[in-house]
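The primary structure of each chain is shown beneath.
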Amino acid sequence: LQSAFSSCIRVAYDIRHTAFDAFQNIHKISRIDAPVLIIHGTRDDVVPLSHGKALFRMCRRPHRPFWVKGAYHNDIEVAYFKELCQRLQEFVWSLDPKWQLKPGTVLSL
């Protein structure tokens, strides 16, 4: 999950509970029985980092989170591309070591 919100309403308002929030990720993430990687910029000015940290705390099978130091909401893929690729690779390899590539293998996007 990248720059994910814990609840749509909580992004707009500093409240904890509402019956009108259709996107309550914070209450759904604990039902995911698969490894979860949370990626969030520390300077995100759209969805605060606290949302990513709250989701991480609620994961049943969390992978080491990637708190991207200095990243905003929409710049991780560009400004932190190399670091992002490294962390995604680490995550994928953690799922099954057989997926690791041999030294010297070149991937293209």
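See above for the structure.
For the structure given in this document, a descriptive report is provided here. (Residues numbered from 1 in each chain as written. Predicted model: local features only at pLDDT ≥ 70, side-chain atom pairs only at ≥ 80, totals over all residues. Heavy atoms only, no water.)

**Looking at the environment of Gln 2**
Among the structural elements, Gln 2 can be located in the segment before helix H1 (8–12). Note on Gln 2: relative accessible area 31%, which makes it partly exposed. Excluding residues within four positions of it along the chain, Gln 2 makes contact with Ile 39, Ile 76 and Glu 77. (Helix = DSSP H or I, 4+ residues; strand = E, 2+ residues; numbered from the N terminus. Buried < 20%, exposed > 50% of the residue type's maximum accessible area, 1.4 Å probe, protein only. Contact = heavy atoms within 4.5 Å.)

**A word on the packing of aromatic side chains**
If you walk through the whole model with that rule in mind, you get 1 aromatic pair. Just above the ring of Trp 67 sits the side chain of Lys 53; from NZ or CZ to the centre is 5.9 Å. (Phe/Tyr/Trp six-rings, centres within 6.5 Å; stacked < 30°, edge-to-face > 60°. Lys NZ or Arg CZ within 6 Å of the ring centre and 35° of its normal.)

**Let's talk about the pattern of salt bridges**
Taken as a whole and judged by the stated rule, the model has 2 salt bridges. Put simply, Glu 90 and Arg 64 hold a salt bridge, and the shortest N to O gap is 2.5 Å. A residue pair is termed long-range when its members are at least 10 positions apart, and Glu 90 in helix H5 (residues 81–95) and Arg 64 in the loop between helix H3 (49–58) and strand E2 (66–68) qualify at 26 residues. In this structure, Arg 87 engages Glu 90 in a salt bridge whose closest nitrogen and oxygen atoms are separated by 3.9 Å. (Salt bridge = Lys/Arg side-chain N within 4 Å of Asp/Glu carboxyl O.)

Purely spatial values, then, with no claim about function.
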